[in-house]
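Structural overview for review
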Amino acid sequence: MSKPKCCQKMPYVLKGEKKKYAWCACGESSNQPFCDGSHKGTNFTPIIVDNEKEGNIAWCGCKATSNAPFCDGTHSKLSL
Ligand code: FES
Ligand code: FES
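First, a word on what this report is: a plain description of the structure on this page. Here the structure is a predicted model, which means the values were calculated and not measured.

Along the backbone of the protein chain there are 0 helices and 4 strands. Along the chain direction, N to C, the helices and strands of the protein chain fall in the order β-β-β-β. Relative to the globule expectation of 12 Å for 80 residues, the C-alpha radius of gyration of the protein chain, 12 Å, shows essentially globular dimensions. Along the three orthogonal principal directions, the C-alpha set of the protein chain runs to about 35 × 30 × 20 Å.

Here you go:
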């Protein structure tokens, strides 16, 4: 697998807590937008974020962002 799976063409906006998050980069996790270990056997590894903010976080759901793991608006340019 060389391209991540697009999970949804919009971010997952979730309230952040002060803790570590592992964002799913492959798109195969059943626990989007976070890693559940399903990337095993692919070229992908999760991106770890040590979050300090308690406000909302817009996690990229399309997996095409240039600012992983966060949404940068790229999803609005995807076809399909
Ligand atoms: Fe996607 Fe771990 S399940 S990166
Ligand atoms: Fe991926 Fe916005 S959801 S760039």
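There's more to say after this.
The next subject is the nonpolar core. Formed by 13 residues in total, the largest nonpolar core has its most connected members in Trp23 and Trp59. Residue assignment for this core shows that the elements contributing at least two residues are β2 (20-23) and β4 (56-59). Apart from the residues lying within four places of it in its own chain, the contact partners of tryptophan 23 are Pro33, Phe34, Cys35, Pro46, Ile47, Trp59, Cys60, Lys63, Ala68 and Pro69.

What follows is about the packing of aromatic side chains. All told, the structure shown has 4 aromatic pairs when counted by the stated rule. Linked through ring pairs, Tyr21, Phe34, Trp59 and Phe70 together constitute an aromatic cluster.

Now for the state of the cysteines. For the structure on display, the rule yields 0 disulfides. No disulfide involves cysteine 6; its sulfur sits 5.6 Å from that of cysteine 62, the nearest cysteine. Its relative accessible area of 36% is what places cysteine 6 among the partly exposed residues.

Look at the link from glutamine 32 to proline 33: it is a cis peptide, with omega at 5°. You can see proline 33 is positioned in the loop between β2 and β3 (47-50). Note that the residue after alanine 68, namely proline 69, is joined by a cis bond; omega there is 10°. Positive phi is not limited to glycine here, since lysine 63 has a value of about 70°. Relative to the helices and strands, lysine 63 is located in the segment after β4. Here lysine 63 falls in the buried class, since its relative accessible area comes to 7%.

Conventions adopted
- Residues numbered from 1 in each chain as written.
- Chains lettered and ligands numbered in written order.
- Predicted model: local features only at pLDDT ≥ 70, side-chain atom pairs only at ≥ 80, totals over all residues.
- Heavy atoms only, no water.
- Helix = DSSP H or I, 4+ residues; strand = E, 2+ residues; numbered from the N terminus.
- Rg over C-alpha atoms; globule rule 2.2 N^0.38 Å.
- Core = buried A, V, L, I, M, F, W, Y, C linked by side-chain atoms within 4.5 Å.
- Buried < 20%, exposed > 50% of the residue type's maximum accessible area, 1.4 Å probe, protein only.
- Contact = heavy atoms within 4.5 Å.
- Phe/Tyr/Trp six-rings, centres within 6.5 Å; stacked < 30°, edge-to-face > 60°.
- Disulfide = S-S within 2.5 Å.

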